[in-house]
Amino acid sequence: MHTTGQRGLWMVAILALLGAIGYVALRPPSPASFDAALPAPTVGATLAAPAVPDNPFAQSAPASPDSPPVGEWSMEGLNPARTRAVETPIAPPLNQQRVIVTASFEEGVSPPVIARGLMLLETKDALSAIDLRTGRQRWAYRQKGAYISPAIAGDTVYFRAEQANQGQLVALELSSGRQRWAFTPKRLSAAANNYFGGHLTSPVVVEGVVYVGAGKELYALDAISGKMRWEFSAQDFITSSAAVADGRVFVSDFSYFYAIDLSTGGLIWSYPAHSAVYFSSVAAGDLVLISSGQNLIALDARNGARRWEKSVSGKSLIPAGAQGDTVFVKTTNELFALDRSDGRELWSFRDVNYVSLPALTQEYVFVVNGMGAGASVVALDMTTGANVWSQPVPRLATTAPVIAGRAIYVRTTDGRVIELLS
């Protein structure tokens with residue numbers, strides 16, 4: 001386990017990766033209090049956005065119980081395995097643009113979540129539901145904190161609200177924003193640990209169950225009622241959001257990476273690993289990719305055996321996604337494509353300042369690269385890593401892009417969401 005000083009160094013690296021998988025707000029808690037009784041939504045309010053044409057947003061039946069419907073990006077990382085890989089083909093150039101919404105914004109918020117014709121957008125002190133057809137706000141629900149990482153399943157949206165080391169997982173009716181239930185964990189982080197680790201994690205929803213970490217526990221909650229089905233106790237404070245694949249829930253604390261039985265909450269195996277630096281693992285076929293210290297390790301998902309390891313001198317690696325036989329890992333300003341079977345490097349893409357987590361199709365890798373005036377949305381060839389298309393976007397945020405239907409969605413630091421279409 002790292003010392004407190006070493007953990008502080010991790011925090012500096014984390015803050016540079018604001019587009020990463022949304023764990024809790026990484027800054028220290030403010031002294032403000034958390035309202036246990038969350039207020040009712042503001043319904044039917046509109047934002048200062050112009051009327052827009054019909055959106056080519058299509059839905060179809062899901063490929064499997066663990067996959068979102070085609071044309072949706074329904075939770076952080078797209079799916080429970082956190083692969084960030086969609087089936088919908090998108091061919092650059094993406095030369096059509098429209099502004100979906102104008103909303104208050106703080107740098108470092110969660111990427112959009114899109115399902116059932118709605119975009120769930122984290123704005124300043126609120127979760128907003130935006131109608132993709134009109135670009136107007138359907139409802140807004142006041143909440144405290146940042147990195148709330150909403151997840152949509154069926155007609156419900158689940159998000160975490162945390163501030164001043166108090167928090168809840170909240171379930172809302174998707175169509176109206178009305179609260180259905182709220183779950184309060186028995187503990188979160190601790191002052192003795194400098195509030196590092198133990199925060200509410202990004203929820204993942206699989207077959208009627210919501211999995212969320214808090215404190216030293218991972219909870220399985222009934223998606224309809226919010227009642228706890230089981231609780232898993234880790235050795236230390238939870239440091240990563242959960243990923244789910246093949247009947248297993250994967251999660252980290254400061255000392256171990258765990259594979260937990262999806263149905264019972266029983267431990268299947270554990271692997272000694274250092275801090276997971278707030279990033280979820282990625283489940284890719286029979287492998288699960290994890291962070292351990294500065295390295296990326298590929299474990300056999302069935303038994304936890306180490307299959308291969310990737311390191312870059314002086315850099316910290318995190319899991320970034322998976323598409324077919326290719327897996328992706330990244331540093332603050334580099335993205336690596338690796339062979340899934342042996343970790344062999346296939347290609348890499350680098351920017352002087354920043355490269356986001358990717359959004360993956362079968363042919364292209366879409367990322368945000370650069371910062372400030374030099375920031376762009378870029379399409380890389382999946383096979384070679386060649387830059388095949390780039391679109392500068394004024395005031396582009398470092399939040400990772402998402403794909404829904406035939407469109408790429410990115411956020412800007414002045415409150416806009418930009419839809420890019422081919």
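No experiment lies behind these values; they were computed from the predicted model shown. (Residues numbered from 1 in each chain as written. Predicted model: local features only at pLDDT ≥ 70, side-chain atom pairs only at ≥ 80, totals over all residues. Heavy atoms only, no water.)

(A) Region of interest: the environment of glycine 415. With respect to the helices, strands and loops of the structure, glycine 415 is situated in the loop between strand 32 (407-411) and strand 33 (416-421). Since its relative accessible area comes to 2%, glycine 415 is described here as buried. Sequence spacing of glycine 415 and lysine 124 is 291 residues, and the spatial spacing of their C-alpha atoms is 9.8 Å. (Helix = DSSP H or I, 4+ residues; strand = E, 2+ residues; numbered from the N terminus. Buried < 20%, exposed > 50% of the residue type's maximum accessible area, 1.4 Å probe, protein only.)

(B) Fine view of the packing of aromatic side chains. Across all of its chains, the model carries 12 aromatic pairs by this definition. One aromatic cluster is present, formed by Phe232, Tyr256 and Tyr258 through successive ring pairs. Taking the ring centre of phenylalanine 336 as reference, the NZ or CZ of lysine 310 above it sits at 5.0 Å. (Phe/Tyr/Trp six-rings, centres within 6.5 Å; stacked < 30°, edge-to-face > 60°. Lys NZ or Arg CZ within 6 Å of the ring centre and 35° of its normal.)

(C) Quick look at the sheet that holds strand 9 (residues 166-173). An order of 7-8-9-10 is seen for the 4 strands of this open sheet, with the pairing classed as antiparallel. Looking at strand neighbours, the two that pair on one side only are strand 7 (151-153) and strand 10 (179-183), the edges of this open sheet. Going across the sheet, the axis of each strand differs from the next one's by a mean of 25°, ignoring polarity. Strand direction decides the pairing type here: strand 8 (residues 156-163) and strand 9, joined by 8 bridges, are antiparallel. Directly across from phenylalanine 159, in strand 9, lies its bridge partner valine 170. (Pairing = 2+ DSSP bridges. Axes fitted to C-alpha atoms, helices over the stretch in contact; angles between N-to-C directions.)

(D) Molecular detail of the confidence of the model for the chain. Summarising the model, the chain shows a mean pLDDT of 83, and 81% of its residues fall at 70 or more. Considering only residues more than four positions removed or in separate chains, one finds that residues 1-66, a stretch of pLDDT under 50, has 184 contacts. (pLDDT = per-residue confidence, 0-100. Contact = heavy atoms within 4.5 Å.)

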